Amino acid sequence: MSSNKDSASRWLNRKVTEAKRAYISAAVCTLLSAGCFVVFSWYLSGFAALWLRDGIIGSTILLYGLVFLTGRYLFAHVASLCNYQAANAIVSNMKKSCIRYYLTIAGRTP
């Protein structure tokens, strides 16, 4: 919104760096979510192998898998909340900047 000739990518990069912490938190939660899903799949395959090979229903293995499946969805939810908050912060700062710019053009002080 300034009068200097910044490229759009440079301008957007400055806005994204303001929300860097939230984006890093979202990335960490996404990685934890993916890790939980891998561990869940490992427990599920162990449960299926035990059931098909020996006919035993390993409820403990299935319960551990359920815990990791729950962790997967909880971490994914937290990651989406972090992404939402980061984007919301960027948009609100852009709105404030636009309002200040248009008030300056109109000759009023913000």
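Residues numbered from 1 in each chain as written. Predicted model: local features only at pLDDT ≥ 70, side-chain atom pairs only at ≥ 80, totals over all residues. Heavy atoms only, no water.

Undergrad: Got a minute to help me understand the state of the cysteines in this structure?
TA: Note on terminology: disulfide describes a covalent bond linking the sulfur atoms of two cysteines. Summed over all chains, the structure comprises 0 disulfides. Between Cys36, a free cysteine, and Cys29, which holds the nearest cysteine sulfur, the sulfur-to-sulfur gap is 10 Å. (Disulfide = S-S within 2.5 Å.)

Undergrad: Is there a simple way to think about the packing of aromatic side chains in this case?
TA: Per the counting criterion, the structure on display carries 5 aromatic pairs. Consider the rings of Tyr43 and Tyr64, whose centres lie 5.8 Å apart with planes at 45°: the pair is tilted. Of this pair, Tyr43 sits in helix α2 (residues 20-54) while Tyr64 is found in helix α3 (residues 59-105), placing the two residues 21 residues apart along the sequence. When its relative accessible area of 44% is taken as the criterion, Tyr64 is described as partly exposed. Relative to Trp51, the ring of Phe47 lies with its centre 5.9 Å away and its plane at 35°, an arrangement referred to as tilted. Of the two residues, Phe47 and Trp51 both sit in helix α2, 4 residues apart, roughly one turn of that helix. (Phe/Tyr/Trp six-rings, centres within 6.5 Å; stacked < 30°, edge-to-face > 60°. Helix = DSSP H or I, 4+ residues; strand = E, 2+ residues; numbered from the N terminus. Buried < 20%, exposed > 50% of the residue type's maximum accessible area, 1.4 Å probe, protein only.)

Undergrad: Before we go on, may I ask you to explain α3 in this structure?
TA: Each α-helix winds once per 3.6 residues, and so residues spaced three or four apart point in a common direction. Between its first and last C-alpha, α3 extends 69 Å over 47 residues, near the 69 Å set by a 1.5 Å rise per residue. Among all positions of α3, only Gly65, Gly71, Ala79, Cys82, Ala86, Ile90 and Ser97 are buried. At its buried positions, α3 is contacted by α1 (8-18) and α2. Phi turns positive, to about 90°, at Gly107, one or two residues after α3. (Expected span 1.5 Å × (residues − 1). Contact = heavy atoms within 4.5 Å.)

Undergrad: Explain the pattern of salt bridges here, please?
TA: Where charged atoms from two side chains of opposite charge come close, those side chains can pair. Across all of its chains, the model carries 1 salt bridge by this definition. Among the salt bridges present, the one from Arg53 reaches Asp54, with a minimum N-O distance of 3.4 Å. For Arg53, a relative accessible area of 61% gives the class exposed. (Salt bridge = Lys/Arg side-chain N within 4 Å of Asp/Glu carboxyl O.)

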